[in-house]
Amino acid sequence: MFSTAARMTTKPPNGSKSGKAAPHFPSIHQFFTPAVPELAEPARHPDLSRVVRLLEDPVSSSLRERHISALKKVAKRCQNGFLLRDLVNAFTILNLCAERAKDHPEYASILCDLLHICRLPFLKEKASDETNYASVVTDSLSQMGYLMRVSDSKVREQICASIISLYSSDKSKPCEDGLCPTSLGYRQEMVERSGVAETLVMALGLMENQLPAKLQVLRALQVLSSSSAVNCSFMLKAEGAQKVCFHMNEPDQSGQVLFRSSEILWNLLENGSREEVTSQLSNMDCIMVLKEAFLHQLLNGYRHYDQQLRNDLLVIITLIAENPRAPLIESGFAKQLILFVTFPELKSHNPLIRNLKLSFTSEDFEMKKLLLNLLVVLSRDLSAVQLFKESRVMLALMLLVRPSSSDRRPSGKGRRSWTSVQQEELQLHALATLATVAPLMLDEYLSCQANTCLLMLLEWCTQQDSYFGQSHGFHGAGGQGGKKAQMRYCVRLLRSMVSLSNSLINQDLCDQGALSQLLGLLRHFQEREEEEDAVCVEIQTDVLLTLSALCEEDMHRKELFGAEGVEMVIRYLKMNPAQLYSGLGHNRLFLSTVDCVWSCIVGCYTTEDLFLEKEGAFLLLDFLHLSPRSMKSALLGTLLELCDNHKTLVHVDAWRGEKDLTAPALLLQLWRQEEAKLGVNRDQQGRITDVKKPILSRYQEEEPLVSVAANRPSAAVMDVSENLRSKIYCLFCRIGFEELRGLTAEDYITLSIVSRYLDFKTGEVWSEVSAELELEGVRPITPDAEALSTIVQTSEDTARHVCLLQQSILDQQKQEDLKEEKLAYKEISLNRKQQELTAKSWQHHVAKTSDYKILKESKLLQERSIELSRPREKSDGFIFHSTHIPNLQTTNFFSRVLTIESTPAALTGGPLANTDLALERVPIEGGALRKVAPSNTELELPNTVTVK
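The structure displayed is predicted, hence computed values, not measured ones. (Residues numbered from 1 in each chain as written. Predicted model: local features only at pLDDT ≥ 70, side-chain atom pairs only at ≥ 80, totals over all residues. Heavy atoms only, no water.)

Asks: I tried to follow the overall build of the chain on my own but got confused; where do I start?
Replies: From N to C terminus, the chain includes 47 helices and seven strands. Put simply, the chain has 948 residues, and 44% of those count as buried. Partitioning the contacts of the chain with sequence separation of at least 6, the portion at a separation of at least 24 is 75%. Surface exposure of the chain reaches about 50100 Å², of which carbon and sulfur atoms provide 52%. (Helix = DSSP H or I, 4+ residues; strand = E, 2+ residues; numbered from the N terminus. Buried < 20%, exposed > 50% of the residue type's maximum accessible area, 1.4 Å probe, protein only. Contact = heavy atoms within 4.5 Å. Areas by Shrake-Rupley, 256 points an atom, 1.4 Å probe, with all protein chains shown as cover.)

Asks: Looking at this structure, I do not really get unusual backbone geometry. What am I missing?
Replies: Where the residue is not glycine, phi is negative for most of them; where a peptide bond is considered, it is trans in most cases. With an omega of 10°, the peptide bond between Phe343 and Pro344 qualifies as cis. Relative to the elements of secondary structure, Pro344 occurs in the loop between helix H20 (333–341) and helix H21 (351–354). Although it is not a glycine, Gln449 adopts a positive phi angle of roughly 50°. Tracing the backbone through its elements, the reader meets Gln449 in the loop between helix H26 (442–447) and helix H27 (450–462). For Gln449, a relative accessible area of 54% translates into the label exposed. Phi at Asp660 is positive, roughly 60°, even though this residue is not glycine. Residue placement: Asp660 occurs in the loop between helix H37 (646–654) and helix H38 (663–678). Owing to a relative accessible area of 54%, Asp660 belongs among the exposed residues under this scheme.

Asks: Looking at this structure, how should I read the packing of aromatic side chains?
Replies: Describing an aromatic ring pair means giving the distance of the ring centres and the angle of the ring planes. Counted under the stated rule, the structure contains 10 aromatic pairs. Note on Phe732 and Phe737: the rings are 5.9 Å apart at their centroids and 15° apart in plane angle, and the pair reads as stacked. Under the relative-accessibility criterion, Phe732 is labelled buried at 0%. Aromatic ring contacts, followed pair by pair, group Trp671, Tyr729, Phe732, Phe737 and Tyr757 into a single cluster. Cation over ring: Lys483 sits above Trp460, and NZ or CZ is 4.5 Å from the ring centre. (Phe/Tyr/Trp six-rings, centres within 6.5 Å; stacked < 30°, edge-to-face > 60°. Lys NZ or Arg CZ within 6 Å of the ring centre and 35° of its normal.)

Asks: Where do I start with helix H43 (residues 757–775) in this structure?
Replies: Residues spaced three or four apart along an α-helix point in a common direction, a consequence of the helix completing one turn every 3.6 residues. Over its 19 residues, H43 extends 27 Å from the first C-alpha to the last, a length consistent with the 27 Å expected when each residue adds 1.5 Å. Taken residue by residue, H43 has Tyr757, Phe760, Lys761, Gly763, Glu764, Glu768 and Glu772 as its buried positions. Where the residues of H43 are buried, they touch H38, helix H39 (698–702), helix H40 (715–722), helix H41 (725–735), helix H42 (745–754) and helix H44 (782–850). Gly777 sits one or two residues past H43 and shows a positive phi near 75°. (Expected span 1.5 Å × (residues − 1).)

Asks: Hey, could you run me through the environment of Phe340 in this one?
Replies: On the secondary structure map, Phe340 appears in helix H20. The class for Phe340 is buried, based on a relative accessible area of 3%. Taking the C-alpha atoms as reference points, Phe340 and Met367, separated by 27 residues in sequence, lie 9.8 Å from one another. In this view, Phe340 contacts Phe294, Leu295, Leu298, Leu352, Ile353, Leu356, Lys368 and Leu371; residues no more than four positions away in its chain are not counted.

Asks: Would you mind going over the packing of helix H16 (residues 256–271) against helix H17 (residues 274–281) with me for this structure?
Replies: Two quantities define a packed helix pair, namely the angle between the helix axes and the distance between the axes. Orientation of H16 relative to H17, taken along the N-to-C sense of each, is 140°, at an axis distance of 7 Å. Overall, the two elements H16 and H17 adopt an arrangement that is oblique. Only Arg274, Val277, Thr278 and Leu281 of H17 make contact with H16, whose side of the interface consists of Leu265, Leu268 and Leu269. By residue class, the composition of the contact of H16 with H17 is five nonpolar, one polar and one charged. (Axes fitted to C-alpha atoms, helices over the stretch in contact; angles between N-to-C directions. Parallel < 35°, antiparallel > 145°, perpendicular 65-115°, else oblique. Nonpolar A, V, L, I, M, F, W, Y, C, P; charged D, E, K, R; others polar.)

Asks: Just to check I follow, could you spell out the side chain of Thr750 for this structure?
Replies: By secondary structure assignment, the location of Thr750 is in helix H42. Apart from residues lying up to four places away in sequence, Thr750 is in contact with Leu668, Trp671 and Arg672.

Asks: What is the right way to look at helix H28 (residues 484–498) in this model?
Replies: In this model, H28 (15 residues) spans 21 Å end to end at C-alpha, consistent with the 21 Å of a helix rising 1.5 Å per residue. Where burial is concerned, most of H28 is hidden: 12 out of the 15 residues are buried. Buried within H28 we find Ala485, Gln486, Met487, Arg488, Tyr489, Cys490, Val491, Leu493, Leu494, Ser496, Met497 and Val498. If you follow the buried residues of H28, they end up packed against helix H25 (420–437), H26, H27, helix H29 (503–511), helix H30 (514–527) and helix H31 (534–551).

Asks: Where do I start with the confidence of the model for the chain in this structure?
Replies: Mean pLDDT for the chain: 83, with 83% of residues reaching 70 or above. pLDDT under 50 marks residues 888–902. Its contacts with residues more than four places away, or in other chains, come to 38 contacts. The model gives residues 907–948 a pLDDT under 50, and that stretch makes 59 contacts with residues more than four places away or in other chains. (pLDDT = per-residue confidence, 0-100.)

Asks: When you look at the environment of His845 in this model, what are you seeing that I'm missing?
Replies: Checked against the element boundaries, His845 lands in helix H44. Judged by relative accessible area, His845 falls into the partly exposed class, the value being 28%. Counting along the chain gives 13 residues from His845 to Ser858, while the straight-line C-alpha distance between them is 9.9 Å.

Asks: It is not clear to me how the state of the cysteines should be interpreted in this structure. Could you clarify?
Replies: Covalent bonding between the sulfur atoms of two cysteines is what defines a disulfide. Throughout the structure, instances matching the rule amount to zero disulfides. The thiol sulfur of Cys245 is not disulfide-bonded, and the nearest other cysteine sulfur, from Cys286, lies at 4.0 Å. With a relative accessible area of 0%, Cys245 lands in the buried category. The thiol of Cys461 is unpaired, and the distance to the nearest cysteine sulfur, on Cys490, comes to 6.0 Å. Given a relative accessible area of 7%, Cys461 falls into the buried group. (Disulfide = S-S within 2.5 Å.)

Asks: Got a minute to help me understand the environment of Asp129 in this structure?
Replies: Within the secondary structure, Asp129 is located in helix H8 (residues 129–132). Taking the C-alpha atoms as reference points, Asp129 and Leu84, separated by 45 residues in sequence, lie 7.2 Å from one another. The contact partners of Asp129, leaving out residues within four places of it in the chain, are Leu84 and Lys124.

Asks: Even after reading the chapter, I still don't get the pattern of salt bridges, so can you show me in this structure?
Replies: Opposite charge on two side chains permits pairing when their charged atoms draw close. According to the stated counting rule, one finds 38 salt bridges in the structure shown. The partner of Arg800 in a salt bridge is Glu796, and the shortest N-O contact between them spans 3.6 Å. Of this pair, Arg800 and Glu796 both sit in helix H44, four residues apart, which is roughly one turn of the helix. For Glu796, a relative accessible area of 12% corresponds to the buried category. (Salt bridge = Lys/Arg side-chain N within 4 Å of Asp/Glu carboxyl O.)

Asks: Looking at this structure, I do not really get the nonpolar core. What am I missing?
Replies: The tendency in soluble globular proteins is for nonpolar side chains to be buried side by side. Formed by 237 residues in total, the largest nonpolar core has its most connected members in Leu114, Leu200, Phe294, Phe340, Leu547, Phe561 and Phe611. Non-local contacts of Leu547, meaning those with residues more than four positions away in its chain, are made with Leu515, Leu518, Leu519, Leu522, Phe561, Met568, Cys596 and Cys600. (Core = buried A, V, L, I, M, F, W, Y, C linked by side-chain atoms within 4.5 Å.)

Asks: Teacher, can you tell me more about the packing of H20 against helix H23 (residues 383–390) here?
Replies: In contact at an axis separation of 10 Å, H20 and H23 are set at 40° when each is read in the N-to-C sense. Between H20 and H23, the angle falls in the class oblique. Note on packing geometry: the crossing formed by H20 with H23 is right-handed. Of the residues in H23, those in contact with Ala334, Lys335 and Ile338 of H20 are Ala384, Leu387, Phe388 and Glu390. The residue inventory of the contact of H20 with H23, partitioned by class, reads five nonpolar, no polar and two charged. (Left-handed = near helix turned anticlockwise from the far one by under 90°.)

Asks: Quick question: what am I supposed to make of a negative patch on the surface here?
Replies: Side chains of Glu816, Asp817, Glu820 and Glu821 sit close together on the surface and give a patch of like negative charge. Its place among the elements puts Glu816 in helix H44. (Patch = residues over 30% accessible without salt bridge, like charges linked within 9 Å, V, L, I, M, F, W, Y side chains within 5 Å. Lys, Arg positive; Asp, Glu negative; His and termini not counted. Charge placed at Lys NZ, Arg CZ, Asp CG, Glu CD.)

What follows is the structure, encoded as structure tokens:
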């Protein structure tokens, strides 16, 4: 395997096809004469091509001492590292030494010296050397890996040490003559591209009896896989995970083989393909090796280092268990691991358990949590459930989660146990594990009276005491300082169990008062004044879902839900819609509330009436208007079920939204939005554009027509359940299609389509049936073909009728718009005419005050009007007062003073001066009237008229 690859010759950077010189046969004195400058005189960088010719020349092939001397000088003069331009010759020398080391061990020693130089960074003369010699460096490093074919242990150790130093060390000696070492990143990239990691994996099988060399190879693989996905990929290509696992349990007093092997597997899992690693380890041989290593560390390891290694192996085993093809159960390893899960909660006579002792350290605590996590992984294989039952896993988990478990103390003198913090975290971990495992073992769940235990734990969580949660683990997040974490996982476990719809479990919960206890828990959250966090919202969501699962399809439990449950639901429905976007899970809380209305209230007339009395229908319509589209389906479904109660229709009719929006208008608006999202063809007014496809969506049209089985729904049928149109149509069937208030012409156009939705959908389904028959080459009999044609034609006629109705609605709307426009124009004309009359009246008034002739004419007209208004005959008993006003002097006409005595002095008892009510002066300046307050000086103006 290595010999063929090792003989490859690297191409030099100058473009020549071989690293060897042209054929040349020098004489012997050329190698022995001291006139050779590269060997006789001190040279900082010797010409390695001369040394290559010395080693390859058939004439000098037997001059081993001369070879060794020349090679030692090369090693001495290149002690700071090889030049990039000399790498071709340098590795040619290494390969020649490797070939000769098989028969002459002295070459192995000098080979080690030259490989020792390879640990140093290669030297570059110019900045561009790294790019120009990249392929040379890659091939050279590949050849270094192929040198592992040399059987000498020292050579193999030195190769691994040089690779480790070259890949990870950034220390280099300062160089002279302008030479610079290559950077660490460059070297790492070259090592990755060379594929030397794959070569080292393949070399593991050559070192059966060379433990130091094997340890060095494992160390090199550990370094190469620590941070490089490329190296991990090369290692997995050579089945590195499987080969490393096979060597884990080989004899080694230092324990480094097992440690480094587990570290390599860890690196491969982290940086490589986890699926590939677990696939390579999922065979019986690897499982048995891991089993032996884990049991040895568990039963015989007492040091902290041994416990850490044991836990690392357990993590690897857990990841392997995720692969369904892993033979953990067939190997018997799974049964032993499950047995360790129940320790120390349950006693057993199994020899493994009797010899097992826990020190209850942090590493033992981590192992216990890893074993609990392994239960969750193994539960995916139903064959493991039988092992769970045999090992009484359910009982062990219930002992961990019982309410008193957090307060237990060691009972015996000097007996050690978990600390309170560890016990609390194990309690939470066991609850999380039960949420996955318990639904698989219903009989064991009932036999352990788990419902009673969980309800007691839930009651303990709501008690006000001095308990202070201290768990800082994953499962304790958000519950520090209280019992919120226990409540969270307890409610989650209850939700998992009731969602199975097992009548025995649900009835047992209800018999123990779970409904009232869960409602009390919700009331506790609603009355608390603390700010809600994600954990609180999650708990309330799970409680609502649990109530929904318990009350669904059971009338008696809906009655038990009662007024308290309705009041609780109403409070949640009054949630601020802005909280749906809080990021804390209020959207799930609201959906679970709607589900609770559907399952716990709808169907029971008592709770329905209470729900309607508290304006529950109004709240559902409010959220239907404001909620995102993803929630509207559940809201429409709940409203539809609630409308079976005729009292709901009154509430729906009375509801008003923003801008006096009615419920029918809201539903029609949702219909239009849904059709716009589905891509249904409509014109600008919302009318049908294609009578053959009146309600066909863009997705149905783009989907290719295929023949489906009779028991599978077609695209037309699936469309009914995938959007809101069917629910909106059913709601209109409840509230009616006529005498709807608050609708516009656009709404009526949409309503004409909604009213014919069932007819259109029926025609669409039959058209699809006809198309499928044609696709399958089936010709229906003549009566059936005529029936299909008639149905399709009827659907098209219905669409044409709807189009005519929509056109009439538009025409009527145009007439109404025209009528309103005329009325508006008439009103504008009247307003304009009134403004003109007002302007003329004002102009006439101004003219009277400025022209005496016009004033006299006005006065004559006024007197004539007064005269015409007088009766012709005087009635007896009536006193007629003269309306004649004496003429005023024109010079003072605009400054008259009127004094009116309204009440005789005899009645008021005061002087005449006190009964004068007002003095009025109305001057006209510039043609406009202006009221001026009277002053003392104006009371004695001349030319006054007193009317008594």
